[in-house]
Amino acid sequence: MLAAHGRIDRALVTVARFVPPDELDNTARILEELRQTADEILRTMVACAANGLDTQHWDTALELIARRDDLREDLFADPSLVDAEESRFERVLGLSTAAMNAGDGLSFASRLTAAWLRQPKVLDTRLRTQLPHLLNTAETLTNDVRIHLAALLVREYPLSVHAAAA
């Protein structure tokens, strides 16, 4: 249990690098409550075992597990997650998903470069805000770096990709 708890804490540090968009505030709140509940479950279970499976600790653990299950249901019912796949470009870069379909490598790079030409400061700021762990603030972003980082941000499993890039 302690090893699992350590993995949760390490994952939370990784996730904390990212600034969730405003429309995911409720999701972030649910995830934080879920983390706190998991911590409480772990502490309660350890206390229960240390006290010879004391019924008071056991009842508290069961209540916390029920709370965890409710939070998981809330998380999966959160409407902001329903269209998350469809709105990746809008959420991450503020660009129209219809105009920024990932397409093949060349068309994606061309569309992204065109978008950057229209609003370079805005998009550079978004990259720097979301990827401070990968960017040196003193460095100027080149088009190649922008394309690679934007592609990194809109991947289906961004946390795995970020972990590999960091």
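Refer to the structure presented above.
Overview of the structure. As the structure is a computational prediction, the values presented were derived from the model and not from experiment.

The rules behind the values
- Residues numbered from 1 in each chain as written.
- Predicted model: local features only at pLDDT ≥ 70, side-chain atom pairs only at ≥ 80, totals over all residues.
- Heavy atoms only, no water.
- Helix = DSSP H or I, 4+ residues; strand = E, 2+ residues; numbered from the N terminus.
- Buried < 20%, exposed > 50% of the residue type's maximum accessible area, 1.4 Å probe, protein only.
- Contact = heavy atoms within 4.5 Å.
- Areas by Shrake-Rupley, 256 points an atom, 1.4 Å probe, with all protein chains shown as cover.
- Core = buried A, V, L, I, M, F, W, Y, C linked by side-chain atoms within 4.5 Å.
- Polar contact = N/O pair within 3.5 Å; in protein donor to acceptor, adjacent residues only side chain to side chain.
- Salt bridge = Lys/Arg side-chain N within 4 Å of Asp/Glu carboxyl O.

Quick look at the overall build of the protein
The secondary structure content of the protein amounts to eight helices and zero strands. Listing the helices and strands of the protein from first to last along the sequence gives α-α-α-α-α-α-α-α. Counting over 166 residues, the protein shows a buried share of 29%. A separation of at least 24 residues holds for 54% of the contacts in the protein among residues at least 6 apart in sequence. Of the roughly 10500 Å² of accessible surface on the protein, a fraction of 57% belongs to carbon and sulfur atoms.

Here's the deal with the side chain of T44
Within the fold, T44 resides in helix α2 (residues 25-50). Of the residues examined, T44 reaches a relative accessible area of 11% and is grouped as buried. Residues in contact with T44, not counting those within four places in the same chain, are H57, T60, A61 and L64.

Here's the deal with the nonpolar core
The biggest cluster of nonpolar side chains holds 22 residues, and the ones touching the most others in it are L93, L95, F108, L112, W116 and L127. Here this core gets six residues from one element, more than from any other, and that element is helix α7 (residues 143-153). Beyond its immediate chain neighbours, meaning those up to four positions away, L95 contacts F89, E90, M100, L112, A115, Q119 and L123.

Side note on the environment of L135
Summarising the element assignment, L135 is placed in the loop between α6 (120-130) and α7. Linking L135 and V145, residues ten residues apart in sequence, is a C-alpha distance of 9.8 Å. In contact with L135, other than residues within four places in its own chain, are L127, R128, L141 and L149.

Side note on the side chain of R146
Mapping R146 onto the fold places it in helix α7. A residue is classified by how much of its surface remains accessible, and R146, at 14% relative accessible area, is buried. Side-chain polar atoms of R146 contact the side chain of D124, separated by 2.8 Å. When near neighbours in sequence (up to four residues on either side) are disregarded, R146 contacts L112, W116, D124, L127 and L141.

Considering the pattern of salt bridges
The tally for this structure, following the rule as stated, stands at six salt bridges. R29 is the partner of E33 in a salt bridge, and the nearest nitrogen-oxygen pair spans 2.4 Å. Of this pair, E33 and R29 both sit in helix α2, four residues apart, roughly one helical turn. Given a relative accessible area of 42%, R29 falls into the partly exposed group. Its salt-bridge partner being R68, residue D69 comes within 2.8 Å of it at the nearest N-O pair. Residue classification places R68 among the partly exposed positions, given a relative accessible area of 27%.

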